[in-house]
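Fold and geometry: a report
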Protein chains: 2
Amino acid sequence: MVSPQSGPGKAPTPPARAPRVTAAEVAAKAGVSTATVSLVANGKTSGRVSAEIVARVAEAISELGYVVDSAGSSLATGAGNFVILIAPDISNAFYSQVITGIRAAIGPDYQLLLSVTGNGRFPAVRDVRKLLALRPAGLLVDAPSEQFLAELAATGPLVLLDAPGSGGTAPRVNFDVEAGAAELAGHLAACGHRTVAYLDSVTGTQTFQARRRAFRVTAEQLGIRVLDGAIPSTTIDLGAAAEAFAAAWPQLAAAGVTAVACATDTQAFGVLQAARKLGLAVPGALAVTGFDDLAFAGSSDPGLTTVRLPAAALGEAAGNQLKTLLAGRAPACTLINLATELVIRESTGLRT
Amino acid sequence: MVSPQSGPGKAPTPPARAPRVTAAEVAAKAGVSTATVSLVANGKTSGRVSAEIVARVAEAISELGYVVDSAGSSLATGAGNFVILIAPDISNAFYSQVITGIRAAIGPDYQLLLSVTGNGRFPAVRDVRKLLALRPAGLLVDAPSEQFLAELAATGPLVLLDAPGSGGTAPRVNFDVEAGAAELAGHLAACGHRTVAYLDSVTGTQTFQARRRAFRVTAEQLGIRVLDGAIPSTTIDLGAAAEAFAAAWPQLAAAGVTAVACATDTQAFGVLQAARKLGLAVPGALAVTGFDDLAFAGSSDPGLTTVRLPAAALGEAAGNQLKTLLAGRAPACTLINLATELVIRESTGLRT
DNA sequence: CTGAAAGCGCTTACAG
DNA sequence: CTGAAAGCGCTTACAG
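Residues numbered from 1 in each chain as written. Chains lettered and ligands numbered in written order. Predicted model: local features only at pLDDT ≥ 70, side-chain atom pairs only at ≥ 80, totals over all residues. Heavy atoms only, no water.

All names here are of chain B. Read from one edge of the open sheet, 6 strands run E7-E6-E8-E9-E10-E12, paired in mixed fashion. Single-partner strands in this sheet number two, and they are strand E7 (225-228) and strand E12 (341-343). Direction aside, the axes of adjacent strands within the sheet are offset by 25° on average. In the sheet, strand E9 (residues 287-292) pairs with strand E10 (residues 305-308) via 4 bridges, with the strands oriented parallel. By the bridge assignment, Phe291 is partnered in E10 with Val307. In the packing of helix H8 (residues 177-190) onto the sheet, contacts are made with strand E8 (259-262), E9, E10 and E12, and the angle to E9 comes to roughly 165°. Across the sheet, helix H11 (residues 265-278) touches strand E6 (195-199), E8, E9 and E10, and the angle it forms with E9 is around 160°. (Pairing = 2+ DSSP bridges. Helix = DSSP H or I, 4+ residues; strand = E, 2+ residues; numbered from the N terminus. Axes fitted to C-alpha atoms, helices over the stretch in contact; angles between N-to-C directions. Contact = heavy atoms within 4.5 Å.)

Below, the structure written as structure tokens:
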């Protein structure tokens, strides 16, 4: 009958923390041991606890509003009941769909928490360790750099998202960015472009290297000259991309550049914005393209030609892989490659 | 000298978890007790541990790569060293800046984790409890509903963001959305609009009620008729807003609506997209406005007139308030109201 | 079918 | 200045 609210002797030392309901309180109320409470709370009762007692304990749990304490549980079992998604830029609109997919896949048994890092940057060793010290049940890592992956070395259930070419044994779910990049290069060639610049993301990430390389290779096969690095790489930030492009434009113009391919839609929007300020007609004077197909791509001025990456499908596939891992099984398929698709809008057009 | 990697008797039962370095191992290596390791690891040594021992332990810590285990620490102290931000739609581009502000303010002592919920929806009681069971050191809650706040009742360090009019005693950092909404109404009146529709967010959230109410009140004072609910409220999603607007347009047109004010930029982008598909000239046939001033607002077609909400400042102020709370102090100021500003672009214009 | 007890890794009075 | 010990809340063999 330990009523936490009414205990007169409760030490009021810390702030006004909510009184934590413990298994011991539930046990007392139901007249059983904490071991039994644990069994019931975790649904491990089959053939181990009588139906009558299960009912009694369940009632006490719901009356008291008991929730298994994560710290205690983690300590005893080795890991908590939550999963952490690490991504370089979670606030990118792109992740909204990825996250929705993940949640749908992992279900209600695990909480999904996001680790936030700087703009398009990955956390330092130090931060990774702190994250691991939290004892997540599993980790989802989006668009990791090689270095990051190395630091992460062998840490329990792990699924990689959008991580082409990474070593290691973790299951991966990728976009077929190469096919998309090639298709994009083909489109620009068909539009008559002969000299283009590529604006890359500053993140040292495989997926961006793959986009850039595939674009370049196909473009050059088709007789397009690709000015690599003519625009310094930027974070995945509209403003940063706008600035970088504006600064580089005189040089690009002199070199005869008629199109800029960007590693992400967000950067492409920045280029569009800068182009407008510079008085450049798009696509007349300059064509612009991205990767992602964010919802905004349909309402930018002009609409953005971009390589669509199926974000929700990525999240869902990754969530499913992780769930398999968490259940202690090996995924049937260790590498999933999702098809991409070129979406043509007004930001590119036939050159006359 | 317990080297975790080399122990031959290590049970290989679970997956390939990284060997966890414990305080006991550090203590053994440094020839001290775990109590001393704890003191050193937490920087609580001043006047309690000799410089020589501090150095010895620190060296062992860095050699072993020891990180204080969050579960153990949480259990012992009552709370972990991380903070959770709960927001209805974290993948909104808006939060990128809020998060940056928060991180800058709380510094490296606390990890920032985001709780992800559905599109513009708040987590259920069940999820909140699971979150609290994780024992966060503090909570930041953005744009909460009344109901959510009630469920949260008295749970240690808590700061509310963009939560006008909420009861309770938690420190709050708000936008002065009323002033912005009034300014917006004034602008539409000056442009000659006489009948406007308001597209609200479906979230049952104070900040949205405040935006809507303030807009309506000022608009009506200025002789504008506001069609409330003529467009059903939507989630903060471009596509949902586009659909809702398109479906409602025949009715709006019949009622003489010449402008749509949206609760968020994202929804406004949806209306812009739908208007384009319907062949409506913006702002000629229809003016559109939002709230936020996302980076995209400058590159939509046409540029979006919107009430700028200083997102980074919000995050930073909230982070500072929380830090004060975490330090056990009471914030000097319990309600911070950040100024907003109307940004006029091409999506609104003088009516002829 | 049920409970007593050990142990997960840490922190914090308390002795010395 | 330093360490032995209790305790945070839970889970899991192990007895019964």
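So much for the structure itself; the text now carries on.
Here we come to the protein's contact with DNA strand D. Lining the immediate environment of DNA strand D, one finds 27 residues, of which A:Ala23, A:Ser38, A:Tyr66, B:Gly47 and B:Ser50 sit closest. At the protein interface, 76% of the atoms of DNA strand D within 4 Å belong to sugar or phosphate. Between DNA strand D and A:Asn42 there is a distance of 2.9 Å, counted from a phosphate oxygen to a side-chain nitrogen or oxygen. B:Leu75 is positioned with one of its backbone polar atoms (N or O) 3.4 Å from a base oxygen of DNA strand D. Here the surface near DNA strand D gets 5 residues from one element, more than from any other, and that element is helix H4 (residues 70-77) of chain A. (Near = heavy atom within 4 Å. Polar contact = N/O pair within 3.5 Å; in protein donor to acceptor, adjacent residues only side chain to side chain.)

Our next topic: the confidence of the model for chain A. Do not read the predicted coordinates in detail wherever pLDDT is low. When pLDDT is averaged along chain A, the result is 87; 90% of the residues meet or exceed 70. Ignoring residues within four places in sequence, the model shows residues 1-16 of chain A, a span with pLDDT below 50, making 8 contacts including any to other chains. (pLDDT = per-residue confidence, 0-100.)

What follows covers the protein's contact with DNA strand C. What surrounds DNA strand C is a group of 27 residues, the closest being A:Gly47, A:Ser50, B:Ala23, B:Ser38 and B:Tyr66. Taking the atoms of DNA strand C that fall within 4 Å of the protein, sugar and phosphate contribute 77% of them. In the model, a phosphate oxygen of DNA strand C is placed 3.2 Å from a nitrogen or oxygen of the A:Ser33 main chain. B:Ala23 places a polar main-chain atom, nitrogen or oxygen, 2.6 Å from a phosphate oxygen of DNA strand C. Among the secondary structure elements, those contributing two or more residues to the surface near DNA strand C are helix H2 (34-41) and H4 of chain A together with helix H2 (34-41) and helix H4 (70-77) of chain B. Classifying every residue of the surface near DNA strand C by side-chain character gives 12 nonpolar, 11 polar and 4 charged. (Nonpolar A, V, L, I, M, F, W, Y, C, P; charged D, E, K, R; others polar.)

What follows deals with helix H3 (residues 51-64) of chain A. Residues and elements named next belong to chain A. Taking 1.5 Å of rise per residue, 14 residues should cover 20 Å, and H3 covers 20 Å from first to last C-alpha, within 8% of that figure. All of the buried residues along H3 are Val57, Ala60 and Ile61. Along the axis of H3, the buried positions cluster into a sector of 100°, meaning they face one direction only. Residues Ala51, Glu52 and Ser62 are exposed on H3 and point more than 90 degrees away from its buried face. (Expected span 1.5 Å × (residues − 1). Buried < 20%, exposed > 50% of the residue type's maximum accessible area, 1.4 Å probe, protein only. Arc of directions from axis to C-beta.)

On to the nonpolar core. In this structure, A:Phe215, A:Phe245, A:Leu252, A:Leu286, B:Phe215, B:Phe245 and B:Leu286 are the most contacted members of the largest nonpolar core, which totals 161 residues. Apart from residues no more than four positions distant in its own chain, A:Phe215 is found in contact with A:Ala181, A:Leu184, A:Ala185, A:Leu188, A:Val196, A:Tyr198, A:Val226 and A:Ala261. Core analysis: the second largest hydrophobic core is formed by 33 residues, A:Phe82, A:Leu134, A:Leu160 and A:Ala163 among them. (Core = buried A, V, L, I, M, F, W, Y, C linked by side-chain atoms within 4.5 Å.)

A few words on the interface of chain A and chain B. Facing the 65 residues of chain A at the interface are 65 residues of chain B. Between chain A and chain B lies a buried interface of about 5,100 Å² when both sides are counted; carbon and sulfur atoms form 56% of it. At the junction of chain A and chain B, the tally comes to 2 salt bridges. For B:Asp69, the salt bridge goes to A:Arg135, with nearest N and O atoms at 2.7 Å. Where chain A touches chain B, the interface holds 7 residue pairs in polar contact (both at pLDDT 80 or more). For the side of chain A that touches chain B, the class distribution of residues is 30 nonpolar, 22 polar and 13 charged. Direction of pairing for strand E2 (residues 111-115) of chain A relative to strand E2 (residues 111-115) of chain B: antiparallel, over a ladder of 3 bridges. By the bridge assignment, A:Leu114 is partnered in E2(B) with B:Leu114. (Buried area = accessible area lost by both parts, 1.4 Å probe. Salt bridge = Lys/Arg side-chain N within 4 Å of Asp/Glu carboxyl O.)

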